[in-house]
Amino acid sequence: MINKRKLELYENLFRHLGPGDHTITVSAIAETMNCSERHARTLLKQMSDRGWLDWKPARGRGIKGTLTCLLEPLQACYNEVDLATEQGKYDIAHKLIGFNDRNVASALKQYLTHATIESENTVHAPFHRKLSWLHPHHAMERTERHLIHEVFQTLVTSSKERFAGELAHSWIHCQYHRSWTFYLRTGVVFHDQTPLSAIDVVESLQALTASPYWSRLYDHIDSIRADAPYQITIELTEPDPHFLALLCRSEAAILPKSMVHRAESIYKPIGSGAFSVTVNSEKLLRLTRHSQYSGSNALVEHIELWIHEEWAKDKKCAENFFFLNDEEETYKVATADIGYFFLLINHRELQNTKFKHQLESLFSEEQPSALCSPLPLEFSYENNNENRTFANKLNEGLAQGGSQGHGTQVIYGHPKANQALSIGGIRLEGDRATSLFAFFKLYPHWLNNLNWKQQDMLSKALSAVRHTHNSTERERLLDELLVWLYQDNVLAIIKSEDLTLTIPSRIRGVEINSIGWCNFSRLWIQQKPSTTGA
């Protein structure tokens, strides 16, 4: 009979590698299992005999063999529980079902449900690149920022300019929106079963204000303190009637205090959201429904992102394609309201109407036209398909015009300094005004790109935006700022960003959010009609 410890070691191995074939050394396996190489070989033999995995060792010390995880850890557990119950060893069955500190009572209910009802409960999506680490302060790409909202919670959330409590059930403000007090829900637990407290919130938000990148957006936070175990107060240096909108963003998600400052190599994405991360490998990210979520529980058990770089050329992958194992009929959900692509003309010699119009014409035409630059053109562009297309057009236009140019691809949120041109995106996450405000606050090179008069105008405009109470007025001020920078030949919006989701016909509950995905917890699968007769 297998013991609980072997199940735990197998789950640790599975979490590290994920399903499928992996080339790996015995020493690396031993390190994952925290045991000697000799014992690792014994464990591999025993797990192979149970049908959990297949291990094909290679001859020679340090040579990589092939390891294939054949069973999900929970399925391996259920198989062993089945065997124990058949033999009448119910005490052993209870011990096995609680492996890796699972709650035995709830796990046993899940096992009984599994044993009596088998139904589809997983939504899959192919993905074309390795995901970066899911830390709220470091996640920059659209998909990672969406996943933050699925795994973590923020103090408040919003929908169509209406705010609702998430980790905070109530809040008050005073001193003309300069002091904000939040009252936290009791009973909230993180995915590792540790309870949420005010200290977790304070640690998370203080680290956010110290971030080299995000601090510019949260530069008016003066102090964050825990007044009680479930109460915090945030003091601002200036009034901000729209402060709640900032706290809805993914970077403001709350982590356990033990994870806030962890290095990437030892960090674990532990939140309190609707889904927990149960597999986080280079080939698969699995989200599993968090049964102790303080909000409405997810309607599906698992969301899986299967990762393969060759899918980057697949149009369906670019459209965030969902699939079921045997589903062919699909429908599409589309939006044209998730952002803009911009062009920043940073070099003073290029900030003229004629050159700006040449660039706009170049980017709007199907076939690139000649572009004549008075100087060698160093430019940067963000790492997505649209921006790569713009960069290719720019290179072709410069070549046709007999001008020199060199482009550098950059990660979103990390624009390169000292570039004559910058091509990138403005994401509309949440309300439009907050998103535009965030773009202007977070772009780090205004001091290099604008003259002193332009810098003063930008500073005054952003101050007015932050202080105004009226949402419509806020948006008007930001639109005026965009127009002013366009007229000064500094910034041009070259295209709106749109998105299409391709959905199997039996997946329901799809509504595109502003980040460019949809709320995973609202997805559900329409079951197939029964084929058995009465």
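As the structure is a prediction and not an experimental result, all values here were calculated from the model. (Residues numbered from 1 in each chain as written. Predicted model: local features only at pLDDT ≥ 70, side-chain atom pairs only at ≥ 80, totals over all residues. Heavy atoms only, no water.)

Quick look at the packing of helix 2 (residues 26-33) against helix 3 (residues 37-49)
1) Next: Interaxial distance between helix 2 and helix 3 falls to 9 Å at its minimum, and their mutual angle equals 85°. When the axis of helix 2 is compared with that of helix 3, the two are roughly perpendicular. Contacts between helix 2 and helix 3 involve Val 26, Ser 27, Ile 29, Ala 30 and Met 33 from the former and Glu 37, Ala 40, Arg 41, Leu 43, Leu 44 and Met 47 from the latter. (Axes fitted to C-alpha atoms, helices over the stretch in contact; angles between N-to-C directions. Helix = DSSP H or I, 4+ residues; strand = E, 2+ residues; numbered from the N terminus. Parallel < 35°, antiparallel > 145°, perpendicular 65-115°, else oblique. Contact = heavy atoms within 4.5 Å.)

Remarks on the sheet that holds strand 15 (residues 377-382)
1) Next: If you walk across this open sheet you meet the 5 strands as 16-15-17-14-18, and the pairing is mixed. At either end of the open sheet lies a strand with only one pairing partner, and these are strand 16 (405-410) and strand 18 (491-504). In this sheet, neighbouring strand axes are inclined to one another by 25° on average, regardless of whether the strands run parallel or antiparallel.
2) Next: Sheet analysis places strand 15 next to strand 16, joined by 6 bridges and oriented parallel. Opposite Phe 379, over in strand 16, you have Gly 407 as the bridge partner.
3) Next: Packed on one face of the sheet, helix 13 (residues 432-442) meets strand 14 (330-345), strand 17 (421-427) and strand 18 and runs near 150° to strand 17. (Pairing = 2+ DSSP bridges.)

Focus on unusual backbone geometry
Backbone geometry follows two general trends: most residues other than glycine have a negative phi, and most peptide bonds adopt the trans configuration.
1) Next: Phi at Gln 193 takes a positive value of approximately 75°, unusual for a residue other than glycine.
2) Next: Residue Gln 193 is classed as partly exposed on the basis of its relative accessible area, which comes to 44%. (Buried < 20%, exposed > 50% of the residue type's maximum accessible area, 1.4 Å probe, protein only.)

Structural notes on the side chain of His 137
1) Next: Position of His 137 among the secondary structure elements: in the loop between strand 4 (122-127) and helix 7 (142-151).
2) Next: Beyond its immediate stretch of four places on either side in the chain, His 137 contacts Ser 204, Ala 207, Leu 208, Trp 214, Glu 251 and Leu 255.

Notes on the pattern of salt bridges
1) Next: One pass over the structure, following the stated rule, counts 28 salt bridges.
2) Next: With its nearest N and O atoms 3.3 Å apart, the salt bridge here joins Glu 238 to Arg 466. One end of the pair, Glu 238, is in the loop between strand 10 (231-236) and helix 9 (243-247); the other, Arg 466, is in helix 15 (residues 452-467), with 228 residues separating them in the sequence.
3) Next: The class of Glu 238 is partly exposed, set by a relative accessible area of 21%.
4) Next: When the shortest N-O distance is used, the salt bridge between Arg 432 and Glu 475 registers 2.9 Å. (Salt bridge = Lys/Arg side-chain N within 4 Å of Asp/Glu carboxyl O.)

Here's the deal with the packing of helix 4 (residues 73-86) against helix 5 (residues 90-97)
1) Next: Their axes nearest at 8 Å, the elements helix 4 and helix 5 cross at an angle of 170°. Between helix 4 and helix 5, the crossing angle belongs to the class labelled roughly antiparallel. Here helix 4 contributes Cys 77, Tyr 78, Glu 80, Val 81, Ala 84 and Thr 85 to the contact with helix 5, which in turn contributes Tyr 90, Ile 92, Ala 93, Leu 96 and Ile 97.
2) Next: Of the residues belonging to the contact of helix 4 with helix 5, the class tally is 9 nonpolar, 1 polar and 1 charged. (Nonpolar A, V, L, I, M, F, W, Y, C, P; charged D, E, K, R; others polar.)

A look at the environment of Gly 413
1) Next: Take Gly 413: it is sitting in the loop between strand 16 and strand 17.
2) Next: What makes Gly 413 buried here is its relative accessible area of 11%.
3) Next: Ignoring anything within four residues of it in the chain, the contact list for Gly 413 reads Met 140 and Tyr 213.

Describing the domain arrangement of the chain
1) Next: On domain assignment, one finds that the chain holds domain 1 (1-73), domain 2 (142-289) and domain 3 (336-497).
2) Next: Averaged C-alpha coordinates put domain 1 and domain 2 at centres separated by 37 Å.
3) Next: Contact residues are listed per partner, giving 9 residues for domain 1 and 7 residues for domain 2.
4) Next: Both faces considered, domain 1 and domain 2 share a buried interface measuring about 510 Å² in area, 47% of it formed by carbon and sulfur atoms.
5) Next: At the junction of domain 1 and domain 2, the tally comes to 1 salt bridge.
6) Next: A salt bridge links Arg 286 to Glu 72, with the nearest nitrogen and oxygen atoms 2.5 Å apart.
7) Next: Of all elements in the fold, only helix 1 (4-17) and strand 1 (20-24) reach the threshold of two or more residues within the side of domain 1 that touches domain 2.
8) Next: Among the elements that take part in the side of domain 1 that touches domain 2, helix 1 stands out by supplying 4 residues, more than any other.
9) Next: Split into classes, the residues belonging to the side of domain 1 that touches domain 2 amount to 3 nonpolar, 3 polar and 3 charged. (Domains from an automatic or database assignment. Buried area = accessible area lost by both parts, 1.4 Å probe.)

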